[in-house]
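Inside the fold
Listed here are the chains, written in short residue letters.
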Amino acid sequence: MAALRDPAWPCPPAARAAIAVVNAKDGRSVVGLLAEAVALWALCGMANAADASPATPTTATPVVKFLGSLGVVTKVDQGYSYQRYIPALRYLGVQAIRDGVSNVPILIILHQRTGVKADILDGADLQGLLAAGRTLAAAGALLSFEGPNEPNTWPIVYRGHTGGGTGDWTPVAEYQRDLYAAVKKDSVLQAYPVFHVSEGGAEENNVGMQWLTIPPGSRTVMPAGTAYADYANAHNYVSGNCHAYVDNVARQASAPKLNGCWDGAFGEFHLTWLKHYDGPALDHLRAMPKVTTETGWDSVSDPGGEDVQGKVLTNTYLDQFAEGWSYTFIYELGDGEGGGGHQGLFHSDWTPKLAATYIHNLTTILADPGSGATPAALDYKIPNKPGTVHRMLLQKSNGVFELVVWGEQAQGSNPVVVELANAASKVSVYDVTVGASPVRTLTEVKSIPLTMSDHAMVVEITP
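Residues numbered from 1 in each chain as written. Predicted model: local features only at pLDDT ≥ 70, side-chain atom pairs only at ≥ 80, totals over all residues. Heavy atoms only, no water.

1. Comments concerning the pattern of salt bridges
Taken as a whole and assessed by the stated rule, the structure comprises 17 salt bridges. Of the charged contacts in the structure, one is a salt bridge between Arg98 and Glu294, with a shortest N-O distance of 2.9 Å. Taken together, the positions of Arg98 in strand S4 (residues 96–99) and Glu294 in strand S11 (residues 290–295) put the pair 196 residues apart, joining distant regions of the chain. The buried category is assigned to Glu294, whose relative accessible area is 8%. Between Arg134 and Asp186 there is a salt bridge, and its shortest N-O distance comes to 2.9 Å. Within this pair, whereas Arg134 is found in helix H6 (residues 126–138), its partner Asp186 is found in the loop between helix H7 (170–185) and strand S9 (194–195), the two being separated by 52 residues in sequence. A residue is classified by how much of its surface remains accessible, and Arg134, at 35% relative accessible area, is partly exposed. Using a relative accessible area of 13% as the deciding quantity, one classes Asp186 as buried. One connected set of salt bridges, linked through shared partners, spans Arg251, Arg286, Asp319 and Glu323. (Salt bridge = Lys/Arg side-chain N within 4 Å of Asp/Glu carboxyl O. Helix = DSSP H or I, 4+ residues; strand = E, 2+ residues; numbered from the N terminus. Buried < 20%, exposed > 50% of the residue type's maximum accessible area, 1.4 Å probe, protein only.)

And the structure:
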């Protein structure tokens with residue numbers, strides 16, 4: 001394959017270095033190189049493309065909606081000490097966990113002590129999963145049901161037949177179909193969402209895992225009209241297959257249309273990554289209801305240590321929500337659970353890593369005791385905003401705006417200015433890597449200068 005040309009526009013040093021690495025991999029497959037090429041060229045474009053500021057007032061999103069999207073993977077079903085989970089979950093401030101159902105009473109205790117609700121899954125024991133869901137729903141502790149976890153790696157047995165792996169995926173499809181139908185027919189459970197199979201892009205035969213409901217003319221083994229889930233499900237790890245810390249790494253992992261180093265919506269749904277079966281059109285991916293039930297960054301084996309892990313994962317929560325993912329579960333709560341590694345937000349002794357600290361700071365800054373009010377609009381802009389700087393306007397129930405501005409520049413920094421159409425009576429600026437108290441407070445201002453690099457800032461605006 002011919003080497004990648006340097007882009008015509010200025011490209012960040014980290015992207016240029018990554019392109020040089022790709023050019024050196026002459027032994028790689030053409031498919032692999034093309035995937036990396038797409039991602040790296042997108043990286044340069046995202047970092048340098050003009051990003052027009054809104055010309056009209058921007059309507060805020062209730063802050064409680066964003067906070068409700070934050071989740072983490074726990075291991076109650078594997079016998080780990082839930083007593084350690086209680087202070088850890090309280091500290092993080094997340095509102096959802098993902099776990100199995102081998103110990104439902106403990107999941108209820110976690111809900112009672114921390115407020116979290118559970119996304120539940122359990123191999124292919126359909127009746128057991130439904131029974132657990134009813135118990136959790138009665139306790140107010142149920143969030144959702146989820147299909148089999150990565151059946152490409154862990155095949156299931158349903159109705160006496162093995163499905164997944166490198167064999168026939170029909171049993172996987174039949175289980176997911178039956179789970180969805182059973183939940184929607186149950187008068188207690190029908191209001192709860194069903195998440196799809198994870199890693200459905202690995203299906204060997206085309207059973208239609210790339211669809212929520214199989215449309216006519218799809219040429220799938222399962223018939224048209226087969227309904228699988230309310231939400232698409234991906235394990236789009238921000239660390240990706242390239243394990244590189246580059247500009248916009250979290251934004252790219254979250255981008256529904258990007259196909260490259262990240263196992264995202266493109267390869268799971270638009271064009272399955274293993275056998276390239278057609279799925280929904282690219283234009284539908286952003287609007288498709290979807291969740292991420294696993295994403296993560298290892299504080300040892302991935303670049304940057306604990307500091308980069310913390311910044312990347314905080315950015316991931318923000319990017320995922322901004323890119324249309326309804327829930328995002330970070331893998332995992334603590335080091336040493338379920339396979340080793342250092343992807344946990346807490347050390348094995350349950351002291352917080354910087355990732356836990358930065359997430360704690362973000363959720364503490366944004367905490368809203370109210371239930372959310374009808375969102376209002378704020379007339380603001382960030383002129384000449386670099387492509388590595390992103391923003392999201394939230395609002396608390398008391399009317400205060402929380403403008404979250406986060407940078408994804410792997411090296412260096414850029415000055416930006418938030419400009420308000422009308423002077424704010426008070427502005428408090430927070431840095432999630434510093435703490436949960438303002439680093440700066442201003443009064444009667446229309447311009448707020450910021451220095452953006454690789455992490456999130458919160459501009460709290462009282463009109």
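Moving on, there is more to tell.
2. Topic: empty space enclosed by the protein
Empty space among the atoms becomes apparent when a probe as large as a water molecule is rolled across them. Within this structure, the stated rule accounts for one cavity of 30 Å³ or more. Here the largest cavity is characterised by a volume of approximately 30 Å³. Elements with a minimum of two residues in the lining of the largest cavity: helix H8 (249–254) and helix H11 (305–322). Each residue belonging to the lining of the largest cavity can be placed in one class, and the counts come to five nonpolar, one polar and one charged. (1 Å grid on protein atoms, 1.4 Å probe; cavity = no way out; pocket = protein on both sides within 12 Å on 5 of 7 lines; lining within 4 Å. Points joined across faces, edges and corners; volume = space filled by probe spheres on them. Nonpolar A, V, L, I, M, F, W, Y, C, P; charged D, E, K, R; others polar.)

3. Here we look at the state of the cysteines
Considering all chains together, one arrives at one disulfide under this definition. Between the sulfur atoms of Cys242 and its disulfide mate Cys261 the distance is 2.0 Å. Measuring handedness by torsion sign, the sulfur bridge of Cys242 and Cys261 sits at about -70 degrees and is left-handed. One end of the pair, Cys242, is in the loop between strand S10 (232–234) and H8; the other, Cys261, is in the loop between H8 and helix H9 (265–270), and 19 residues separate them in sequence. The exposure class assigned to Cys261 is buried, which follows from its relative accessible area of 5%. (Disulfide = S-S within 2.5 Å.)

4. Some thoughts on the side chain of His111
Its location among the elements puts His111 in helix H5 (residues 104–114). Accessibility expressed as a relative area gives 16% for His111, which makes it buried. Setting aside residues up to four positions removed in sequence, His111 forms contacts with Val116, Lys117, Ala139, Gly140 and Ala141. (Contact = heavy atoms within 4.5 Å.)

5. Observations regarding the environment of Ala424
Residue placement: Ala424 occurs in strand S17 (residues 414–431). For Ala424, a relative accessible area of 1% puts it in the buried group. Spatially, the C-alpha atom of Ala424 lies 8.9 Å from that of Leu442, the residues being 18 residues apart in sequence. Beyond its immediate sequence surroundings of up to four residues, Ala424 is in contact with Thr443, Glu444, Val445, Ile461 and Thr462.

6. Regarding the pairing of S4
Burial along S4 is two-sided: the face carrying Ala96 and Arg98 and the face carrying Ile97 and Asp99 are both buried. The pairing of strand S3 (residues 70–73) with S4 spans three bridges and is classified as parallel. Across the sheet, Gly71 pairs through a bridge with Ala96, a residue of S4. Since S3 and S4 lie parallel, the crossover through helix H4 (residues 82–92) that links them has a hand, and here it is right-handed. The sheet contact formed by S4 and strand S5 (residues 117–120) spans four bridges and is parallel. (Pairing = 2+ DSSP bridges. Right-handed = clockwise from strand over helix to strand, strands pointing away.)

7. Thoughts on H6
Across its 13 residues, H6 extends 19 Å between first and last C-alpha, which sits within 8% of the 18 Å expected from 1.5 Å per residue. Taken as a whole, H6 has its buried residues at Leu126, Leu129, Leu130, Ala132, Gly133, Leu136 and Ala137. Take H6 and look down its axis: the buried residues cluster within an arc of 160 degrees, on one side only. Looking at H6, the residues exposed on the side facing more than 90 degrees away from the buried face are Gln127 and Ala138. (Expected span 1.5 Å × (residues − 1). Arc of directions from axis to C-beta.)

8. Regarding the confidence of the model for the chain
With 87% of its residues at a pLDDT of 70 or more, the chain has an overall mean of 90. Confidence over residues 1–51 falls short of pLDDT 50; this stretch has 73 contacts with residues more than four positions distant or in other chains. (pLDDT = per-residue confidence, 0-100.)

9. Structural notes on the sheet that holds strand S12 (residues 325–330)
Sheet architecture is open: eight strands sit in the order S9-S6-S5-S4-S3-S12-S11-S10, paired in parallel fashion. Two strands close off the open sheet at either side, each with one partner strand: S9 and S10.

10. A look at the nonpolar core
Of all hydrophobic cores here, the largest spans 96 residues; its most connected members are Phe66, Leu89, Ile120, Phe145, Leu333 and Leu345. Excluding residues within four positions of it along the chain, Leu89 makes contact with Val72, Val94, Ile97, Leu110, Thr114, Val116 and Leu333. Counting residues in each nonpolar core, the second largest holds 22 residues, with Leu378, Leu393, Leu420 and Met452 among its members. (Core = buried A, V, L, I, M, F, W, Y, C linked by side-chain atoms within 4.5 Å.)

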